[in-house]
Number of protein chains: 2
Amino acid sequence: MMERRSLPGQFKGARPLGVDFDQLRHAITAADYGSFRQAAEVLSTKQSTLSRSIQLLECSLGTSIFDRSSGGVRATPAGRYFLRIARSIIEQLCDT
Amino acid sequence: MMERRSLPGQFKGARPLGVDFDQLRHAITAADYGSFRQAAEVLSTKQSTLSRSIQLLECSLGTSIFDRSSGGVRATPAGRYFLRIARSIIEQLCDT
DNA sequence: GTTACTTACGATAACCGTAAGAATC
DNA sequence: GATTCTTACGGTTATCGTAAGTAAC
């Protein structure tokens, strides 16, 4: 399975301001399903929205979280580290 | 020192969609300084922005976080509970 | 008067969905 | 062909700053 891109185009549009909880939820669900398309469906949003959301997140973090392939996505090592933290944060938020 | 409102007007504008990290930072800083004005200054934003931000946060949570007075603000009991979680979340995010 | 928080309004900027693009199989 | 993720465009929506409002002192 060959990778298509390492860093998705450095993001051409407006610069993001900060990480938000939706981005965390998007990344977590994408990791769980190994697919942006399925994650978008589960979260009742659009594939394009989720793709952009994660792209902005990666831009904010300065590292890529997923490796993309035509079969879906897989977390990078840095991504797996980040996802652990993200899950913990979302869990705390939900207990509020 | 008399309180002015218990719940700030239930928020008249658009309903918020979710909590975000800026709201957490705003609340934490406001609690640290006991003042929206000082917190806004420290965070390089406007008092009105911070006031609205926290108002939306309280609306999302369904409870008030601060008691307002003409001398500044003070966390409610529910606010203190929430702030503990918020600090923990921000701390984790910053270690990323 | 001063100082604190809030609210209304308007301009700017971000967001999201549609639809087309690109890459892999 | 099919599937995946990405990108451009446009309309809607949210955000933020200025300035005025309200309350307490």
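Above this text is the structure in question.
Just so you know, these numbers come straight off a predicted model, no measurement behind them.

Examining the packing of helix α1 (residues 21–33) of chain A against helix α3 (residues 47–61) of chain A
Residue and element names in this part refer to chain A.
Move 1: Axis separation between α1 and α3 bottoms out at 9 Å; the angle between their running directions is 110°. The angle between α1 and α3 places the two elements in the roughly perpendicular class. Contacts from Gln23, His26, Ala27 and Ala30 of α1 reach α3 at Leu50, Ser53, Ile54, Leu56 and Leu57.
Move 2: For the contact of α1 with α3, the per-class residue count stands at six nonpolar, three polar and no charged.

A word on the protein's contact with DNA strand D
Move 1: Inspection of the region around DNA strand D gives 22 residues, with A:Phe36, A:Gln47, A:Ser51, A:Arg68 and B:Thr49 positioned closest.
Move 2: What you see for DNA strand D is that sugar and phosphate hold 69% of its atoms within 4 Å of the protein.
Move 3: One of the backbone nitrogen or oxygen atoms of A:Ser70 is found 3.3 Å away from a sugar or linking oxygen of DNA strand D.
Move 4: Within the contact set of DNA strand D, a base oxygen lies 2.6 Å away from a side-chain nitrogen or oxygen of B:Arg52.

A few points about the environment of A:Ala40
Residues and elements named next belong to chain A.
Move 1: Inspection of the secondary structure puts Ala40 in helix α2 (residues 36–42).
Move 2: A residue is classified by how much of its surface remains accessible, and Ala40, at 2% relative accessible area, is buried.
Move 3: Residue contacts for Ala40: discarding those within four places in its chain leaves Thr45, Lys46, Gln47 and Leu50.

Describing the relation of the copies chain B and chain A
Move 1: When chain B is fitted to chain A, the residual RMSD is 0.1 Å, and the transformation amounts to a turn of 179° plus an axial shift of 0.0 Å. Here the symmetry operator amounts to a two-fold rotation axis.
Move 2: The overlap is high: 100% of the interface residues of chain B also sit at the interface in chain A, so the same surface is used on both sides.

Considering the pairing of strand β2 (residues 72–75) of chain B
Residue and element names in this part refer to chain B.
Move 1: In this sheet, β2 lies alongside strand β1 (residues 66–69) in antiparallel orientation, the contact comprising four bridges. Bridge pairing links Phe66 to Ala75 in β2.
Move 2: Once β1 ends, the chain turns through two residues before running back antiparallel as β2.

Concerning the nonpolar core
Move 1: Within the largest apolar cluster, 46 residues are counted, with the highest numbers of intra-cluster contacts made by A:Phe21, A:Leu24, A:Phe66, B:Phe21, B:Leu24 and B:Phe66.
Move 2: A:Phe66 has contacts with A:Ala27, A:Ala30, A:Ala31, A:Phe36, A:Ile54, A:Glu58, A:Val73, A:Arg74, A:Ala75 and A:Thr76, leaving out every residue within four places of it along the chain.

With respect to the packing of aromatic side chains
Residues and elements named next belong to chain A.
Move 1: For the structure on display, the rule yields three aromatic pairs over all chains.
Move 2: Centre to centre, the rings of Phe36 and Phe66 are 5.6 Å apart; their planes meet at 85°, and the pair counts as edge-to-face. Here the residue Phe36 occupies a position in helix α2, and Phe66 occupies one in strand β1 (residues 66–69), the gap between them amounting to 30 residues. Residue Phe36 shares its accessibility class with Phe66, and that shared class is buried.

A few points about helix α3 (residues 47–61) of chain B
Residues and elements named next belong to chain B.
Move 1: For α3, with 15 residues, the first-to-last C-alpha span of 21 Å sits near the 21 Å given by 1.5 Å per residue.
Move 2: For α3, every residue scored as buried is listed here: Leu50, Ser53, Ile54, Gln55, Leu57 and Glu58.
Move 3: Buried positions along α3 lie against α1 (21–33), α2 (36–42), β1 and α4 (77–94).
Move 4: Backbone geometry just downstream of α3 places Gly62 in the positive-phi region, at approximately 80°.

Side note on the interface of chain B and chain A
Move 1: Contact residues are listed per partner, giving 14 residues for chain B and 14 residues for chain A.
Move 2: Carbon and sulfur atoms make up 72% of the surface buried where chain B meets chain A, a total of about 1200 Å² over both sides.
Move 3: Three residues stand out in chain B for area buried against chain A, namely B:Phe21, B:Gln92 and B:Thr96, and they jointly supply 41% of the buried area on that side.
Move 4: The tally of links from chain B across to chain A stands at zero salt bridges.
Move 5: Here chain B and chain A share two residue pairs in polar contact (both at pLDDT 80 or more) between them.
Move 6: For the side of chain B that touches chain A, the secondary-structure elements that each account for two or more residues are α1 and α4 of chain B.
Move 7: Considered class by class, the residues forming the side of chain B that touches chain A number nine nonpolar, three polar and two charged.

Definitions and limits used
- Residues numbered from 1 in each chain as written.
- Chains lettered and ligands numbered in written order.
- Predicted model: local features only at pLDDT ≥ 70, side-chain atom pairs only at ≥ 80, totals over all residues.
- Heavy atoms only, no water.
- Axes fitted to C-alpha atoms, helices over the stretch in contact; angles between N-to-C directions.
- Helix = DSSP H or I, 4+ residues; strand = E, 2+ residues; numbered from the N terminus.
- Parallel < 35°, antiparallel > 145°, perpendicular 65-115°, else oblique.
- Contact = heavy atoms within 4.5 Å.
- Nonpolar A, V, L, I, M, F, W, Y, C, P; charged D, E, K, R; others polar.
- Near = heavy atom within 4 Å.
- Polar contact = N/O pair within 3.5 Å; in protein donor to acceptor, adjacent residues only side chain to side chain.
- Buried < 20%, exposed > 50% of the residue type's maximum accessible area, 1.4 Å probe, protein only.
- Least-squares fit on C-alpha atoms with pLDDT ≥ 70 in both.
- Pairing = 2+ DSSP bridges.
- Core = buried A, V, L, I, M, F, W, Y, C linked by side-chain atoms within 4.5 Å.
- Phe/Tyr/Trp six-rings, centres within 6.5 Å; stacked < 30°, edge-to-face > 60°.
- Expected span 1.5 Å × (residues − 1).
- Buried area = accessible area lost by both parts, 1.4 Å probe.
- Salt bridge = Lys/Arg side-chain N within 4 Å of Asp/Glu carboxyl O.

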